[in-house]
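# Coordinate analysis (summary)
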Amino acid sequence: AGLRVGIVGATGAVGQELMRILPSRGWSVAELRLMASPASAGRRLRFGDEELVVEAAEPQRLSGLDVIFFSAGASVSRELAPEAVRRGAVVIDNSSAFRMEPDVPLVVPEVNMQDARAHRGIVANPNCSTIIMAVALWPLHRAARIRRIVVSTYQAVSGAGARAMAELLAQVDAERRGEPYEPAILPYAAGARHYPIAFNVIPQVDRFDQGGYTKEEWKMVHETRKIFHEPELAVTATTVRVPVLRSHSESINVELARPVDVDEARALLREAPGVEVVDDPDRQLYPMPRDWSGRDTVAVGRIRADYSCPTALNLWVVGDQIRKGAALNAVQIAEGLFA
Ligand code: 2RA
């Protein structure tokens, strides 16, 4: 009969990607209800051969649905997700609102889909940079137990929303024309200072938090530990915004409990769900973000021994931030619960 699906945040980058993904998954959507902020209510969006009207996200509109995807920020999720559960829906929440709640599963289907089945109404979708890293590292953890992760990210502007993507394009254009451009979005819109991203990198993603780390860096630490069920796992992260539109890249050094050579690592990754190995230095083949936008998988390349540490490897990982980093991961969770 098909699922009755709601999207809260339908007009955002992730909401739009959900609408692109849903018809392509081989199961039918009996009803799709699009919801967003009152400012976006009334907009008409195409879904297949239908034209749907976006409604304001309000409690009474959350009834009669099987699953509701939330991607409208943490405050909207905190306000409306529990109400949606009370009205009978399963909520898959892309915001950070509930990720670290003990009774809310935090799920990357390739890693811990079994956790999702213990949900009590809400399943949390991890942060995009965490999802991309988790898909690539889980096969190594299962085979040889990870001791420590050191990750530096090169994050696309899409992570800061559609307005940040527009800002990058506008800045490049203005610089090319030799015109001044006043940045207003990056590193994050609510910040006191904004910096140009064109021809630049910004070593700040989200607000600063404890110890000089940003919230994004702490998310990669805490979320990875929860998804892997490894509360003591040693993780340190440096998250950086780069002038790329929608795919995140990550340079990862991973220390294992035993030596794993490059051939074994490549073989493990080749068999891993959701991973594509693109790794042939002799032919200059490695993943690049421009190639990976719109793809469902996480690409791994530059796999090599860390000669400074006999049980460590270096990896270069690329994934589409909007797709596998958010919308597709959420749809895969829904499929695991309802399929
Ligand atoms: C970012 N991961 O890239 C964060 C939120 N999507 O800005």
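Residues numbered from 1 in each chain as written. Predicted model: local features only at pLDDT ≥ 70, side-chain atom pairs only at ≥ 80, totals over all residues. Heavy atoms only, no water.

- As named in an unreviewed UniProt entry, the chain is Aspartate-semialdehyde dehydrogenase, taken from Geochorda subterranea.
- Turning to the chain, the UniProt annotation filed under Function (unreviewed entry) states: "Catalyzes the NADPH-dependent formation of L-aspartate-semialdehyde (L-ASA) by the reductive dephosphorylation of L-aspartyl-4-phosphate." (UniProt positions renumbered as here; feature names shortened; annotations may be inferred.)

## So, the packing of helix 4 (residues 128-144) against helix 6 (residues 215-228)
- Running from N to C, helix 4 and helix 6 cross one another at 40°; their axes reach a closest spacing of 10 Å. Of the possible angle classes, the one that applies to helix 4 and helix 6 is oblique. Note on packing geometry: the crossing formed by helix 4 with helix 6 is right-handed. The segment helix 4 lies against helix 6, with Ser129, Thr130, Met133, Ala134, Leu137, Trp138 and His141 engaging Glu216, Lys219, Met220, Glu223, Thr224, Ile227 and Phe228.
- By residue class, the composition of the contact of helix 4 with helix 6 is seven nonpolar, four polar and three charged. (Axes fitted to C-alpha atoms, helices over the stretch in contact; angles between N-to-C directions. Helix = DSSP H or I, 4+ residues; strand = E, 2+ residues; numbered from the N terminus. Parallel < 35°, antiparallel > 145°, perpendicular 65-115°, else oblique. Left-handed = near helix turned anticlockwise from the far one by under 90°. Contact = heavy atoms within 4.5 Å. Nonpolar A, V, L, I, M, F, W, Y, C, P; charged D, E, K, R; others polar.)

## Quick word on the pattern of salt bridges
- All told, the structure shown has 26 salt bridges when counted by the stated rule.
- Between Asp279 and Arg266 there is a salt bridge, with its nearest N and O atoms 2.7 Å apart. Of this pair, Asp279 sits in the loop between strand 12 (275-277) and helix 8 (289-292) while Arg266 sits in helix 7 (residues 262-271), and the two are 13 residues apart along the sequence.
- Assessed through its relative accessible area of 17%, Arg266 is described here as buried.
- Overlapping salt bridges bring together Glu17, Arg20, Arg246, Asp296, Asp320 and Arg323 as one network. (Salt bridge = Lys/Arg side-chain N within 4 Å of Asp/Glu carboxyl O. Buried < 20%, exposed > 50% of the residue type's maximum accessible area, 1.4 Å probe, protein only.)

## Observations concerning the site of the ligand
- Every residue lining the ligand is accounted for by Asn127, Cys128, Gln155, Gly159, Ala160, Val205, Glu216, Arg241, His248 and Gln321.
- In this structure, Arg241 approaches the ligand through a side-chain N or O atom, which is 2.6 Å from an oxygen atom.
- Considered on its own, the ligand offers 230 Å² of accessible surface; in the complex 81% of this is hidden by protein.
- For the shell around the ligand, the per-class residue count stands at three nonpolar, five polar and two charged. (Near = heavy atom within 4 Å. Polar contact = N/O pair within 3.5 Å; in protein donor to acceptor, adjacent residues only side chain to side chain. Areas by Shrake-Rupley, 256 points an atom, 1.4 Å probe, with all protein chains shown as cover.)

## So, the UniProt feature "binding site: phosphate" (unreviewed entry) in the chain
- Per the UniProt annotation, the sites labelled "binding site: phosphate" (unreviewed entry) are Arg99.
- Mapped onto the elements of the fold, Arg99 is located in the loop between strand 7 (90-93) and helix 3 (109-116).
- Its relative accessible area of 5% is what places Arg99 among the buried residues.
- Setting aside anything within four residues of it in sequence, one finds Arg99 in contact with Asn94, Val104, Leu106, Ala124, Asn125, Pro126, Asn127, Lys219, Glu223 and Lys226.

## A word on the environment of Ala57
- By the secondary structure assignment, Ala57 is in the loop between strand 5 (55-56) and strand 6 (67-70).
- Aside from chain neighbours lying at most four places away, what touches Ala57 is Val8, Met35, Ala36 and Leu80.

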